[in-house]
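# Structural characterization, general
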Protein chains: 2
Amino acid sequence: MSDAVSPLATPFPYLPAIAGVTPRVARAGYKDWGRCDLTYVELSEGTSVAGVFTRNVCCSSEVEIGRANVAKGSARALVVNAGNSNAFTGYRGREAVEQIMVQVAEHLGCAQEEVFVSSTGVIGVPLPKDKARGGVAAALTASPCSWEEAAHTISTTDTFPKGATATAVVGATTVTISAIIKGSGMIAPDMATMLGYLFTDAAVAPAFLQECLSRANKATFSCITVDSDTSTSDTVLAFATGKAGNATLTSFDDAGADGFAAAIHDVCRQLAHLVVRDGEGAQKFIAVTVSGAASDDSAHRVGLAIANSPLVKTAIAGEDANWGRVVMAVGKAGEPADRDKLSIGFGGIWAAREGLPLADYDEAPLAAHLKGQDITIEVDLGLGDGRAQVWTCDLTHGYISINADYRS
Amino acid sequence: MSDAVSPLATPFPYLPAIAGVTPRVARAGYKDWGRCDLTYVELSEGTSVAGVFTRNVCCSSEVEIGRANVAKGSARALVVNAGNSNAFTGYRGREAVEQIMVQVAEHLGCAQEEVFVSSTGVIGVPLPKDKARGGVAAALTASPCSWEEAAHTISTTDTFPKGATATAVVGATTVTISAIIKGSGMIAPDMATMLGYLFTDAAVAPAFLQECLSRANKATFSCITVDSDTSTSDTVLAFATGKAGNATLTSFDDAGADGFAAAIHDVCRQLAHLVVRDGEGAQKFIAVTVSGAASDDSAHRVGLAIANSPLVKTAIAGEDANWGRVVMAVGKAGEPADRDKLSIGFGGIWAAREGLPLADYDEAPLAAHLKGQDITIEVDLGLGDGRAQVWTCDLTHGYISINADYRS
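The rules behind each value
Residues numbered from 1 in each chain as written. Chains lettered and ligands numbered in written order. Predicted model: local features only at pLDDT ≥ 70, side-chain atom pairs only at ≥ 80, totals over all residues. Heavy atoms only, no water. UniProt positions renumbered as here; feature names shortened; annotations may be inferred. Phe/Tyr/Trp six-rings, centres within 6.5 Å; stacked < 30°, edge-to-face > 60°. Helix = DSSP H or I, 4+ residues; strand = E, 2+ residues; numbered from the N terminus. Lys NZ or Arg CZ within 6 Å of the ring centre and 35° of its normal. Domains from an automatic or database assignment. Buried area = accessible area lost by both parts, 1.4 Å probe. Salt bridge = Lys/Arg side-chain N within 4 Å of Asp/Glu carboxyl O. Polar contact = N/O pair within 3.5 Å; in protein donor to acceptor, adjacent residues only side chain to side chain. Nonpolar A, V, L, I, M, F, W, Y, C, P; charged D, E, K, R; others polar. Buried < 20%, exposed > 50% of the residue type's maximum accessible area, 1.4 Å probe, protein only. 1 Å grid on protein atoms, 1.4 Å probe; cavity = no way out; pocket = protein on both sides within 12 Å on 5 of 7 lines; lining within 4 Å. Points joined across faces, edges and corners; volume = space filled by probe spheres on them. pLDDT = per-residue confidence, 0-100. Contact = heavy atoms within 4.5 Å. Expected span 1.5 Å × (residues − 1). Axes fitted to C-alpha atoms, helices over the stretch in contact; angles between N-to-C directions. Parallel < 35°, antiparallel > 145°, perpendicular 65-115°, else oblique. Left-handed = near helix turned anticlockwise from the far one by under 90°. Core = buried A, V, L, I, M, F, W, Y, C linked by side-chain atoms within 4.5 Å.

Going by the annotation in an unreviewed UniProt entry, the name recorded for chain A is Arginine biosynthesis bifunctional protein ArgJ, with Novosphingobium kalidii given as the source organism. You can read under Sequence similarities (unreviewed entry) in the UniProt record for chain A the words "Belongs to the ArgJ family."

Quick look at the structure:
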């Protein structure tokens, strides 16, 4: 963890323990740092699993193997290595992952494919097998740790540990989700991959858990961007132990399914926002709302064009109500837009409406909004009913310092 | 012009006068600056015109009108306003452009559609008609000026004036191209639109001039990026007066046509590189070569994904041979790629081959290359014969300072 905490950091919340889930940490020594760097989470028998992964075609072995095994639906353990992403390391990297899977499976007496592995850190260096073996051995027998300790241990360049929780009522049973995440660039493959893990005591069939996670992912993790870059290792996994004893959720037709899906969505949104709040160099949290688009997907792409625009992000860093840069970003998105129907505002106050600056434009209230930490940008395309919201942070000297001054 | 000249600046070259082309400058006073800000270039009767324009759908009236009139093929004058882009100004902006066209057309006794207008500067403020009228009136009767003076006058945030020249032999006739350009972000709609103008004494039919310019554009201006942002006003126009007296070029079947097209390409490449060399905050000029792609277009898109990646650009700023970030950028491009066939190098030296770091990887020669000002990144995808080259600059604290500290 870095010394300088993000000004947008929030305190680590109280996360309830989840029946059937036992986190432990150990020190594999992947880097020369005086901290634990291997997280091991044991899951009770019968745990369902779902996952979403990076679309980067140069993904790591962890992602390839995890994607294949999530489809089988069953999990008994999670291992997260911090300090080495093991990406772009060919067959040697794959061997290291398989060694960890075998070692844990032998300990638990489970199938190898029920052990999920993630790694984050420098790329191009195969995960050292001896350090992995020693770290896993230590973790298997370590005392259980707190969620906060686990959140610390999966982190690399993060400036604060990140967790979220929510509950839902399924039938007469209250089920709980506790979740942790790491990530601060979106994304530096070196040191800032986004890895997130949700744990719930709910009984949920794997296919429905996947449906809930995929839906939530589309509206949360897929709607955040720090620098438009995409890690080779991004992974979010959801584990459901079933220990709460509810009637197993299998589809949206089941009682309580909507509430459970909403709780998953809520936790994913919290986690996604925490990643943005730890965005490299971030000084301001920015929510971009696009309405009036030809479709929701079109609105999403326009939103990302705005959120990824270096000129928009530097304008916000400079507390400048520079709506002209937003016009530019809308226009370059390649989506249906009509200059003469476009309206743009900040903090809920319009600066330009239907293609023209407001006749009585007063910058003062917009400037006041932009001095805050939580910024909103509103864009109405005036074309249809398509809507989307995306989140990002500003682009500051801090981002340059972190990424230009870091040596691989 | 800014006081702090780009470290990548080159001296303004000697540009020959072009028969039938007379540049003049005047002071319209669009901004409160002590310099000329209106450029007027008179073109002899019979001048052909071709043009390429921004694809930003929120383009300015100047672009809409220019695009329509280029199709008619004939030009008598060019007017460039600096300090106000007149973009996003609705019908009022359009009226200002038409006023300039009428004023010049009346002076020359030509058709209104033969007068081309460009504007660059702050957006959302209609070009003031009174200042435009006075500036045009002064320019129409001003003494002819040098190419360097014209290059200065079309500039806004540029830190040095930019020009290029080339010659070709058509039949027994030597024809000459002189050209100027402005631009330093690619692009800030506020103050850094790319505007380029080529002037030649060659006799060229408009359709063939357009073919030469469009081909050159695809391999030059379309291959540069500073910050992935796209102006609402980007424009490159080519004017051919025919005063050299060569047999009019109408297609690639004509003698000398290949040489002429090559000269247009050469000038466009020079101009494009000059814009990158004045990229906001640029300390290093970066050429990215992609080979082994599924197609040339695929290679181009992979190249732009690399050149637009903030993490790659900050790594170069930090003189860090961080090939992992290049892997990430290749993977996120959405183009065919295979991690295990991918090779990456800097300065002609491979760092990774076919999906693995070199066994005998020695960072010293790569580090030495990265200390220079002219950086090359080589990527071989190992899939096919597709090839492309794109150019960009590094991402530095200077970019943040220019764009975050500027107030609209």
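From this point on, the discussion continues.
## Some points on the packing of aromatic side chains
Going through the model one piece at a time under the given rule, you end up with 10 aromatic pairs over all chains. Ring centres of Phe 199 of chain B and Phe 239 of chain B lie 5.4 Å apart, and the angle between their planes is 15 degrees; this geometry places the pair in the stacked category. With a gap of 40 residues between them, Phe 199 of chain B in strand S7 (residues 195-200) and Phe 239 of chain B in strand S9 (residues 235-240) connect regions that are remote in the sequence. One aromatic cluster is present, built from ring pairs that chain together Phe 116, Trp 147, Phe 199 and Phe 239 of chain A. Across the ring face of Phe 285 of chain B, the terminal group of Arg 277 of chain B is positioned such that the distance to the ring centre comes to 4.6 Å.

## A look at the domain arrangement of chain A
Residue and element names in this part refer to chain A. Domains assigned within chain A are domain 1 (21-277) and domain 2 (285-405). Placing the centre of domain 1 and that of domain 2 at their C-alpha centroids yields a distance of 33 Å. Summing both sides of the interface, domain 1 and domain 2 together bury roughly 1,200 Å²; the carbon and sulfur share of this comes to 58%. Seen at the junction of domain 1 and domain 2, the total is two salt bridges. Among the ionic pairs, Arg 277 bridges to Asp 374, the shortest N-O distance being 2.8 Å. Taken together, the connections running from domain 1 to domain 2 amount to four residue pairs in polar contact (both at pLDDT 80 or more). Those elements that provide at least two residues to the side of domain 1 that touches domain 2 are helix H5 (206-219), strand S8 (224-225) and helix H6 (257-277). The residue inventory of the side of domain 1 that touches domain 2, partitioned by class, reads five nonpolar, five polar and three charged.

## Some remarks on the UniProt feature "active site" (unreviewed entry) in chain A
Residues and elements named next belong to chain A. According to UniProt, the "active site" (unreviewed entry) feature falls on Thr 193. Its location among the elements puts Thr 193 in the loop between strand S6 (173-182) and strand S7 (195-200). According to the relative accessible area criterion, Thr 193 is buried, its value standing at 0%.

## What to know about empty space enclosed by the protein
Evaluation of the coordinates by the stated rule reveals four cavities of 30 Å³ or more. Its volume calculated, the largest cavity comes out at about 70 Å³. What lines the largest cavity is a set of 14 residues, and nearest its centre among them are Glu 62, Val 63, Val 117, Ser 118 and Thr 235 of chain A. The element that contributes the greatest number of residues to the lining of the largest cavity is strand S4 (residues 115-122) of chain A, accounting for four residues. Computed from the structure, the second largest cavity encloses a volume of approximately 50 Å³. Taken together, Phe 53, Glu 62, Val 63, Gly 66, Phe 116, Val 117, Ser 118, Thr 235 and Leu 237 of chain B make up the lining of the second largest cavity.

## Some thoughts on the confidence of the model for chain A
Mean pLDDT over chain A stands at 91; residues scoring 70 or higher make up 95%. Scored below 50 in pLDDT, residues 186-191 of chain A makes 42 contacts in the model with residues more than four places away or belonging to other chains.

## Points about helix H3 (residues 129-140) of chain B
Note on helix geometry: an α-helix contains 3.6 residues per turn, so any two residues three or four positions apart are oriented the same way. Taking 1.5 Å per residue, 12 residues should reach 16 Å; H3 of chain B reaches 16 Å between its end C-alpha atoms and fits that length. The elements touched by buried residues of H3 of chain B are strand S1 (21-26), strand S2 (38-53) and helix H2 (90-108) of chain B.

## Some thoughts on the pattern of salt bridges
Under the defined criterion, the tally for this structure stands at 32 salt bridges over all chains. Here Glu 42 of chain B makes a salt bridge to Arg 24 of chain B, at a shortest N to O gap of 3.2 Å. Residue Glu 42 of chain B is located in strand S2, and its partner Arg 24 of chain B is located in strand S1; the two are separated by 18 residues in the primary sequence. Linked by salt bridges that have partners in common, Glu 64, Arg 94 and Glu 98 of chain A together with Arg 339 and Asp 340 of chain B make up one network.

## Quick notes on the packing of helix H8 (residues 310-317) of chain A against helix H9 (residues 323-332) of chain A
Residue and element names in this part refer to chain A. Contact geometry of H8 with H9 gives a least axis separation of 9 Å together with a crossing angle of 160 degrees. Here H9 runs roughly antiparallel to H8, going by the angle between their axes. Handedness of the crossing formed by H8 with H9: left-handed. Residue-level contacts link Leu 311, Val 312, Thr 314 and Ala 315 of H8 to Arg 325, Val 326, Met 328 and Ala 329 of H9. Here the residues of the contact of H8 with H9 sort into six nonpolar, one polar and one charged.

## Quick notes on the interface of chain B and chain A
The interface of chain B with chain A comprises 63 residues on the first partner and 64 residues on the second. The junction of chain B with chain A conceals about 5,100 Å² of combined surface from both sides, 57% of it contributed by carbon and sulfur atoms. On the chain B side of the contact with chain A, Phe 88, Arg 339 and Ile 400 of chain B bury the most area, a combined 16% of that side's loss. Counting across the chain B and chain A interface gives two salt bridges. For Arg 339 of chain B, the salt bridge is made with Glu 64 of chain A, and the minimal N-O distance between the two is 3.6 Å. Inspection of the chain B/chain A interface yields seven residue pairs in polar contact (both at pLDDT 80 or more). Only helix H1 (61-70), H2, helix H8 (310-317), helix H9 (323-332), strand S13 (356-357) and helix H11 (397-405) of chain B provide two or more residues apiece to the side of chain B that touches chain A. It is H9 of chain B that provides the largest number of residues to the side of chain B that touches chain A, a total of eight residues.

## Section: the nonpolar core
By size, the foremost hydrophobic cluster in this structure holds 166 residues, and its most contacted members are Phe 260 and Ile 306 of chain A together with Phe 260 and Ile 306 of chain B. Contacts of Phe 260 of chain B, omitting those with residues within four sequence positions, involve Ala 168, Val 170, Val 175, Ile 177, Thr 200, Ala 202, Val 204, Phe 208, Leu 209, Cys 212 and Leu 249 of chain B.

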